[in-house]
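As a plain string of letters, each chain reads:
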Amino acid sequence: MKEKAQVSERFREFKAELTSRPSIVLGMGLRGFLRLLSLKNPWTIALVALIWLWTLGFYVLLSTGDYPCENLFGDDSSEDFKRCQPLVYYNDLGLGGVRLFLVTLAAISSSGLIANDMTDKSIHLYLSRPISRLDYLIARFIPVFLLLMCVTALPNLIVYVNQWGEAGLEFDWIKNHKWLLLDILILGSFYSASYSIIGLTFSTAINRESWAAGAFFLFVYGSAIIVEIFYLMIGDDRVLLLSIIHLLDIIGFFIFDTQPFFTAAFGFEGIDIADIEVFGVFILIIGSCGIFVNWMISQMEANK
Amino acid sequence: MDDFTVDIPEGKIGILGPNGAGKSTFVKIALGLIRTTSGSVTVLGEDLDRNTIDIRRKIGYMPEHDCIPNSMTGVEFLIEMGLVTGMSLQSATQRTHEILGHLMMGEEKYRKIEEYSGGMRQKIKLAQGLIHGPDVIFLDEPTSGLDPKARQEMLETINGLTEVSGTNVLLSTHILQDVETVCDHVIIINNGKLQMQENVKKLMQRQTDVIQVRIGGSTEDFVKQLKKSGITATSGGRGLHVPYVNDKTFEQIVDSAVKSNCQLYEMERATITMDNIYLEVVD
C-alpha cells in the first residue's frame, strides 16, 4: 500500500517539461524518416538500394569515359548545351537515370504520411497538440524530403567526392567547383521538395495509401506521356510546362545554368521558354498544392 | 454557437445537450481548432486567440470518435503522443507505463491496438490526453459506444485518474448519468445556446417530491391562491409543479382550484429526476 501511495503522489505532481515547437516538429519528422527506412517498408528500402546501384553503375560508365555525351546533340550544338561538362553529368546522373525510380519512391513514401492519419483519424490527436497546422504539415514533409534527398543529392555528393579524390584531393579542385557543390544541393533539395509536396497533396486528397500512390504515379507519368504526344503534334515548347517531370527538368537545367533540353523517344531537342513562364507555372502548381492541403486539413480539424 | 457566454469554474464540469446541440463545437473552440467569428475565448486565464499553441500545452483532449492507429501497440502510441506533445523520450516512456499501470492494462499494453476491445481503446484515448499532466482535459463523449459495464468502468477510470492526477475535467456528453457520476458542475446547451448552468449537488437537491398539477382557467389566479396557503408552485412540463409536503398538500391544491375558479384536470404525485430537469431545459 505504501508503495502504491508513493506512485500516486508522483503521478499527482507530474508536470511534463515540454520542448519548443521546432523541436517537436523536427522530432516528428525524423521519427517519420526512420520509420520510412525501417524493415516495415521493404519496398522503400529496395527502391533506395536500386537507385544507389543505378548511381554506382552510372558512375562506372562515367569513369570509363563511355558516357554518351560526346554524341548527345551532334557537333553543331555541343557548345550551346555545354555538354560533357560536370554540370550535365550531375544533372543526368541524379535525375535522368533515376527519374523513374525517384517518382516511384516519392509515390510510395509520401502516400501514407497524411492519408493514414486521416484514415485512422489520429490527425485530430496531432492537431490538438501544441503544434499548428503548418507545423504538422512540415513534420509530415520532412520524412519524404529527407528520403528523396538520400537518392538525389547524396549520390551526387558521393560522386563529387570521388571526383575530388581522382583530382588528388586538392583543395583547389573544391574551390574551382564550389558552385557545382551548391548546385548539387539545390537541385537535390528542389526535386525532393517538389515531389514531396505533390506526394503529400495526393496523400491528403485520396486518403487511402495505395490509391494515393497509384494516383500520384499516374498523374506524373500520365501527364508526361500526354504532354509529349501534344508536343510532337503542336511543337510548342510551352506544352512541356504542363508535365511535372518536364517542368522540374527544365528548372533543373536552369539550376545548373545549362540550356534546357527535352529527352524523348525520338531524341533530344533544345527548349526555349521564358524564365517567368517556367517559374510562374511552377509556383502556381506548388502554391495550389499547398493551399489545397491546408484547406483539407482545416476541414478535418472542424469536422469529425 | 450563438450568443454564448459562459464562465466555467475549476473542477469537473459536464457539458450536457442533445445530439447536435454544439457540445463538440464548444470543445473544439476551446481547443483552438475552430475559430470564433466574434467574441473571445479565455482558457485557463489566457486569451485563446493569442496563445492557442501555448494553451494546448496545458490541455489534454480525448475526441469522441475512434482516432487511434491500429498498427501501433498501446505503449508505442502513448510514447508517440508524449513526444508529439513535447516530452522527452525518457519522460514519455516513464509516464506511459505509469498511466497504463493505473489503467491496469497489464501486459495488454504491449499488444497492437487493433486487438483491443472498445473499452480498452477508450482507456488508451483517455491516457493519451493525460500523458503530459495537463491542467484540464476535454473529454468528448468518452462513453460513446460502450456497453453498460464498459461505460461504468470508463467513468470510474475517469474519476480515478483525474482524482489522482488533480486534473480539471470538461466532459461533453448527452448521457445524464455520466454527468451525475463524474461532474460537480453542469452546463446544459441546446441549439448552440446556453440553457442552464448549475452545481450538480444543488441540482440533485431539486430532485424532491412534487405534485404535478394540470388545470383549466387562469393559472395566474391559481398560483396566487396557492401562495396565500404558503405554497409556491413552479411551471414544469405540461403544467405546474407543487412541492409535496404531506397529504394535506392535495387538499390545499383542491381548495385553491375552487377559490380561483379553475378546473383541476390532473393532480399526480411525481418525482423530479435529473432527466426531467434536463428535458424541461432542453424543451
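Everything numeric here is computed off the predicted structure, so don't read it as measured data.

Trainee: Can you break down the overall build of chain A residue by residue, with the values?
Mentor: The secondary structure content of chain A amounts to 13 helices and 2 strands. Burial analysis of chain A (304 residues in total) assigns 37% to the buried set. Intrachain contacts of chain A at a sequence separation of at least 6 include 77% that bridge at least 24 residues.

Trainee: I'd love a proper account of the pairing of strand 7 (residues 185-190) of chain B, names of residues and values included.
Mentor: All names here are of chain B. Taken across its 6 residues, strand 7 has 5 buried, putting it largely inside the fold. Note: strand 1 (residues 12-16) against strand 7, 4 bridges, orientation parallel. Across the sheet, residue Ile15 finds its bridge partner in strand 7, namely Ile187. Taken together, the 6 bridges between strand 7 and strand 8 (residues 193-199) define a ladder with antiparallel strand orientation. Bridging from a neighbouring strand, Asn190 pairs with Lys193 of strand 8. Two successive antiparallel strands, strand 7 and strand 8, enclose a turn made up of 2 residues, where Asn191 displays a positive phi of approximately 50°.

Trainee: Please give an account of the packing of helix 10 (residues 178-205) of chain A against helix 12 (residues 244-255) of chain A that cites residues and values.
Mentor: Residues and elements named next belong to chain A. The contact between helix 10 and helix 12 brings their axes to 10 Å, and the two run at 160°. Classed by the angle they form, the pair helix 10 and helix 12 counts as roughly antiparallel. Judged by the twist between their axes, the crossing of helix 10 over helix 12 is right-handed. Only Ile244, Leu248, Ile251, Gly252 and Ile255 of helix 12 make contact with helix 10, whose side of the interface consists of Asp183, Ile186, Leu187, Phe190, Tyr191, Ser194 and Ile198.

Trainee: Go over the confidence of the model for chain A with me, naming the residues and quoting the values.
Mentor: For residues with low pLDDT, the predicted coordinates do not support detailed interpretation. Residue and element names in this part refer to chain A. For chain A, the mean per-residue pLDDT works out to 81, and 81% of the residues sit at or above 70. When the elements of chain A are averaged for pLDDT, helix 4 (residues 78-81) gives the smallest value, 43, and helix 2 (residues 21-36) the largest, 94. Note that pLDDT drops below 50 for residues 1-7; the model gives that stretch 1 contact with residues more than four away or on any other chain. The model gives residues 66-87 a pLDDT under 50, and that stretch makes 29 contacts with residues more than four places away or in other chains.

Trainee: Can you explain the sheet that holds strand 1 of chain B? Please cite residues and give values.
Mentor: Residue and element names in this part refer to chain B. Strand order in the open sheet formed by 6 strands is 4-5-6-1-7-8, and the pairing between neighbours is mixed. Bordering the open sheet on either side are strand 4 (59-62) and strand 8, each of which pairs with just one other strand. Neighbouring strand axes in the sheet, compared pairwise and without regard to direction, differ in orientation by 15° on average.

Trainee: Can you tell me about the environment of Asp236 of chain A, naming the residues and giving the values?
Mentor: Along the chain, Asp236 of chain A turns up in the loop between helix 11 (209-234) and helix 12. Judged by local crowding, Asp236 of chain A falls into the exposed class, with 11 C-beta atoms found within 10 Å.

Trainee: Account for the packing of helix 8 (residues 133-166) of chain A against helix 10 of chain A, with residues named and values stated.
Mentor: Residues and elements named next belong to chain A. Here helix 8 crosses helix 10 at 150°, and the two axes come no closer than 8 Å. Considered as vectors, helix 8 and helix 10 are oriented roughly antiparallel to each other. Seen along the crossing, helix 8 lies across helix 10 with a hand that is right-handed. Residues belonging to the contact of helix 8 with helix 10 are distributed by class as follows: 16 nonpolar, 7 polar and 1 charged.

Trainee: Could you give an account of the interface of chain B and chain A, with specific residues and numbers?
Mentor: Many descriptions give the size of an interface as the accessible area lost when the pieces come together. Contact with chain B, which involves 32 residues of that partner, is made by 28 residues of chain A. For the side of chain B that touches chain A, the secondary-structure elements that each account for two or more residues are helix 1 (23-31), helix 2 (48-56), helix 3 (74-85), helix 4 (89-102) and helix 6 (148-165) of chain B. Taken together, the residues of the side of chain B that touches chain A sort by class into 14 nonpolar, 11 polar and 7 charged.

Trainee: An account of the environment of Thr219 of chain B is needed here, citing residue identities and associated values.
Mentor: All names here are of chain B. Along the chain, Thr219 falls in helix 9 (residues 219-228). We classify Thr219 as partly exposed; it has 17 C-beta atoms within 10 Å. It is 41 Å that separates the C-alpha atoms of Thr219 and Gly11, two residues lying 208 residues apart in sequence.

The rules behind each value
- Residues numbered from 1 in each chain as written.
- Chains lettered and ligands numbered in written order.
- Predicted model: local features only at pLDDT ≥ 70, side-chain atom pairs only at ≥ 80, totals over all residues.
- Helix = DSSP H or I, 4+ residues; strand = E, 2+ residues; numbered from the N terminus.
- Buried ≥ 20, exposed ≤ 12 C-beta atoms within 10 Å, placed from the backbone.
- Contact = placed C-beta atoms within 7 Å.
- Pairing = 2+ DSSP bridges.
- Axes fitted to C-alpha atoms, helices over the stretch in contact; angles between N-to-C directions.
- Parallel < 35°, antiparallel > 145°, perpendicular 65-115°, else oblique.
- Left-handed = near helix turned anticlockwise from the far one by under 90°.
- pLDDT = per-residue confidence, 0-100.
- Nonpolar A, V, L, I, M, F, W, Y, C, P; charged D, E, K, R; others polar.

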